[in-house]
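Chain residues, written in single-letter form:
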Amino acid sequence: MDVVKIKGGIPLSGTVQIEGSKNASLPIFAATLLTDEPCIINNVPDLSDVRYMTEILEHLGAEIEQLGKNSWKIVAKNITSHAPYEIVRKMRASICLLGPLIARLRKAKISLPGGCVIGHRPIDLHLKGLSKLNCDIEISKGYIIADGKNIRGRDLFLGGRHGSTVTGTANLVMAATLTPGVTQIESASCEPEIIDLCNFLKAMGADIEGIGAHHLKITGVDKLHGCQYDVISDRIEAGSMIIAGIITRGNLCIKGANLHHLRAFVDKLEEAGINITCPENGQIIVDGTNINRNPVDIITLPYPGFPTDLQAQMCSLLSLTPGLSIITERIYPNRFMHVPELVRMGADISIEGNSAIINGKEKLSGSPVMASDLRASFALILAGLASEGETWVQRIYHIDRGYEKIDQKLNSLGANIVRMSDKEMPPEVLY
Ligand code: EPU
């Protein structure tokens, strides 16, 4: 397993390009199963999660060709409906295959995804929504077995105790595109990734109204066709890079990002005394030099609220922002695995229920830490970049799921990050 060694204390500077969105690419790849015609998808990030998705699609019978580093051709001419555990367990987002398989084949057998380190992640709303469309759903031996031969459009409510569901909305919208009649989804997610999926489906010939709102109306069509599509940029990578500029007191130009997708995040940065400028479309300037940052309170919420996928990174920033900050996690109440690791670096954070109470400090000290998931990995790298001394982040494979060549990117901005096998770690820094 790889680890990264970070020599902290270097302000980052320069220009960095943001890749295509992981969480938009994955459901869009799943949506290619809705047609037997070729789909060409561009601006796809080069990530292990994307490669897992192509493996699953290939297993289901799709022909896949990588046309360039960020461009894929998918032809799902003859497909089967069975996604086994060996493949699905690698990535939770495989659940997005359920909607397209039911829509195209009127049946699906998909392994339940299993546990997740960021907390309990049920799929009851996906299944409830599909049942409302008249699908028969059975859970047996760890599999979801769906029979959609009588599928019909209908009005349904998709909200749950934590609000709307992103991949649940994706599944329902995809299922409804080829379902006879009209499906209206109340309390649909309006995340930019869902908007992107809907735009892709429209480019395939789907009839969807209300894109970007919590109420979606989908009129089923007989057939969808192939298309060519460019995925939106990754708002979470952009937010993570903005924090990298601020936490290292650096100066960054971030290209290819869409600030409109980060309003709640930018609003909190402004409250913390940090100014982000956008001199031209798709370009963000972060100047972290000479700022006295203020502590802030944050609550994560579904879009357009503050994103849970930037919570861990923000926790690192606030650990280094003198004063008392509180982060309340409303999407995944236990998503605080990065906290004990930040505490190892000297952060003063306590967890009370679903809140992290952060007593921000002037300094953290580099130390060996363990990454537990994708966003926690980035949070630890951020803390390492801003700490005194060396930080060793182990189990860094998590980060390759969602950030393309992040060590190389950060090094191009002046960071000192070395990736190596954990076997090369000196014994005194072994965790
Ligand atoms: N929920 C239910 N029942 C369901 C579905 C969800 O109770 O049937 C709950 C969840 O437990 C959670 C909340 O609803 O408390 C929101 O979950 P959601 O379904 O929206 O999450 P997701 O679709 O599984 C996507 C992203 C996550 C991101 C969340 C929230 C993808 C592939 N994943 O997950 O991304 O955190 O939305 O925005 O799009 C990441 O990229 O690191 C990541 C975890």
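This text gives an overview of the structure that appears in the document. Fair warning: this is a prediction, and the values are worked out from it, not measured in the lab. (Residues numbered from 1 in each chain as written. Predicted model: local features only at pLDDT ≥ 70, side-chain atom pairs only at ≥ 80, totals over all residues. Heavy atoms only, no water.)

Digging into empty space enclosed by the protein
Scanning the entire structure with this criterion turns up one cavity of 30 Å³ or more. The volume enclosed by the largest cavity comes to roughly 40 Å³. The wall of the largest cavity is formed by E19, G20, P45, L47, D234, E237, G402, Y403 and E404. Looking at the lining of the largest cavity residue by residue, the classes come out as three nonpolar, two polar and four charged. (1 Å grid on protein atoms, 1.4 Å probe; cavity = no way out; pocket = protein on both sides within 12 Å on 5 of 7 lines; lining within 4 Å. Points joined across faces, edges and corners; volume = space filled by probe spheres on them. Nonpolar A, V, L, I, M, F, W, Y, C, P; charged D, E, K, R; others polar.)

A look at the sheet that holds strand β13 (residues 215–219)
The sheet built from four strands is open, its strands ordered β10-β11-β13-β12 with mixed pairing. In this open sheet, the two edge strands, each paired with only one partner strand, are β10 (155–157) and β12 (207–209). When strand polarity is set aside, the average angle formed by the axes of neighbouring strands in this sheet is 20°. Here strand β11 (residues 182–186) runs beside β13; their pairing, made up of five bridges, is antiparallel. Its bridge partner being in β13, I185 is matched across the sheet by L216. Set on the sheet, helix α6 (residues 166–177) makes contact with β10, β11, β12 and β13; between it and β13 the angle comes to about 25°. (Pairing = 2+ DSSP bridges. Helix = DSSP H or I, 4+ residues; strand = E, 2+ residues; numbered from the N terminus. Axes fitted to C-alpha atoms, helices over the stretch in contact; angles between N-to-C directions. Contact = heavy atoms within 4.5 Å.)

Some details on the site of the ligand
What surrounds the ligand is a group of 23 residues, the closest being D124, T165, T167, D309 and I331. In this structure, D309 approaches the ligand through a side-chain N or O atom, which is 2.7 Å from an oxygen atom. Within the complex, 89% of the 820 Å² of free accessible area of the ligand lies under protein. When residues of the shell around the ligand are traced back to their parent elements, those giving at least two are α1 (22–31), α5 (124–132), α6 and α12 (374–386). The greatest single-element share of the shell around the ligand, amounting to three residues, is contributed by α5. Counted by class, the shell around the ligand contains nine nonpolar, eight polar and six charged residues. Shared between two domains, the shell around the ligand holds at least three residues of each, these being domain 1 (2–19 + 233–429) and domain 2 (22–230). (Near = heavy atom within 4 Å. Polar contact = N/O pair within 3.5 Å; in protein donor to acceptor, adjacent residues only side chain to side chain. Areas by Shrake-Rupley, 256 points an atom, 1.4 Å probe, with all protein chains shown as cover. Domains from an automatic or database assignment.)

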